[in-house]
Amino acid sequence: MPGLGGLWNFCHEDHPFRNWTWVTVAYCTGDQHMGNHVATYEGNGSSMQVRHIGAKNADSVLRWVKRTFPNLERIHVVGESAGGWATFAWTREVATRWPTAQVAGWSDSALHLLC
């Protein structure tokens, strides 16, 4: 990804994960990839329905990854901010789905959300 540094800068020859396959789970449900609820929010004379179904989305992605890459040997679950909380929530599930793989979870910038 041009312009991004650190873990996302795949242009560096010495990037340790440069040649790995990356799967990104986009975040837009406001539930830290853990929700399974549809809520209606009201205010200012109107209402809006929000599908907080991040757990369903993440599960769908993991099922696709399992079908596509059934025999992974090493997996790194990485998340930042709200995705960092998802790392805590989903790393064990990833290890369960790939029981022979070495699985590690990396959470970046999640704990500040407790403050």
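What counts as what
Residues numbered from 1 in each chain as written. Predicted model: local features only at pLDDT ≥ 70, side-chain atom pairs only at ≥ 80, totals over all residues. Heavy atoms only, no water. Axes fitted to C-alpha atoms, helices over the stretch in contact; angles between N-to-C directions. Helix = DSSP H or I, 4+ residues; strand = E, 2+ residues; numbered from the N terminus. Parallel < 35°, antiparallel > 145°, perpendicular 65-115°, else oblique. Left-handed = near helix turned anticlockwise from the far one by under 90°. Contact = heavy atoms within 4.5 Å. Phe/Tyr/Trp six-rings, centres within 6.5 Å; stacked < 30°, edge-to-face > 60°. Buried < 20%, exposed > 50% of the residue type's maximum accessible area, 1.4 Å probe, protein only. Pairing = 2+ DSSP bridges. Right-handed = clockwise from strand over helix to strand, strands pointing away. Salt bridge = Lys/Arg side-chain N within 4 Å of Asp/Glu carboxyl O.

Our focus in this paragraph is the packing of helix α1 (residues 54-68) against helix α2 (residues 82-97). One way to put it is that α1 packs onto α2 with a least axis distance of 11 Å and a crossing angle of 30°. Between α1 and α2, the crossing angle belongs to the class labelled roughly parallel. As for how α1 packs across α2, the hand of that crossing is right-handed. Of the residues in α2, those touching α1 at Ala55, Ala58, Asp59, Leu62, Arg63 and Lys66 are Trp90, Glu93, Val94 and Arg97.

What follows is about the packing of aromatic side chains. Taken as a whole and assessed by the stated rule, the structure comprises four aromatic pairs. Between Phe17 and Trp20, the aromatic rings sit 4.7 Å apart at their centres with planes inclined by 85°, giving edge-to-face as the arrangement. Using a relative accessible area of 26% as the deciding quantity, one classes Trp20 as partly exposed. Counting every residue linked through ring pairs, the aromatic cluster contains Phe17, Trp20 and Trp106.

Of the pairings in the sheet, the one linking strand β3 (residues 74-80) to strand β4 (residues 102-108) comprises seven bridges and is parallel in character. Directly across from Val77, in β4, lies its bridge partner Gly105. Handedness of the crossover joining β3 and β4 through α2: right-handed.

What follows covers unusual backbone geometry. Residues other than glycine seldom take positive phi values, yet His33 does so here, at roughly 65°. Secondary-structure assignment places His33 in the segment before β1 (37-43). The buried category is assigned to His33, whose relative accessible area is 8%.

All right, on to the environment of Tyr27 then. With respect to the helices and strands, Tyr27 occurs in the segment before β1. According to the relative accessible area criterion, Tyr27 is partly exposed, its value standing at 37%. Each C-alpha atom of the pair Tyr27 and Phe88 lies 15 Å from the other, and the pair is 61 residues apart in sequence.

A full pass over the atoms with the stated rule returns four salt bridges. One salt bridge in this structure joins Asp59 and Arg63, with 2.9 Å as the shortest N-O distance. In this pair, Asp59 and Arg63 are both assigned in helix α1, four residues apart and thus about one turn of the helix distant. Among the residues examined, Asp59 registers a relative accessible area of 22% and is labelled partly exposed.

Time to look at the environment of Leu72. Here Leu72 lies in the loop between α1 and β3. Between the C-alpha atoms of Leu72 and Val23, which are 49 residues apart in sequence, the distance is 13 Å. Here Leu72 is in contact with Val65, Trp98 and Ala101, once residues within four sequence places are set aside.

Shape is all these values report; function is a separate question.
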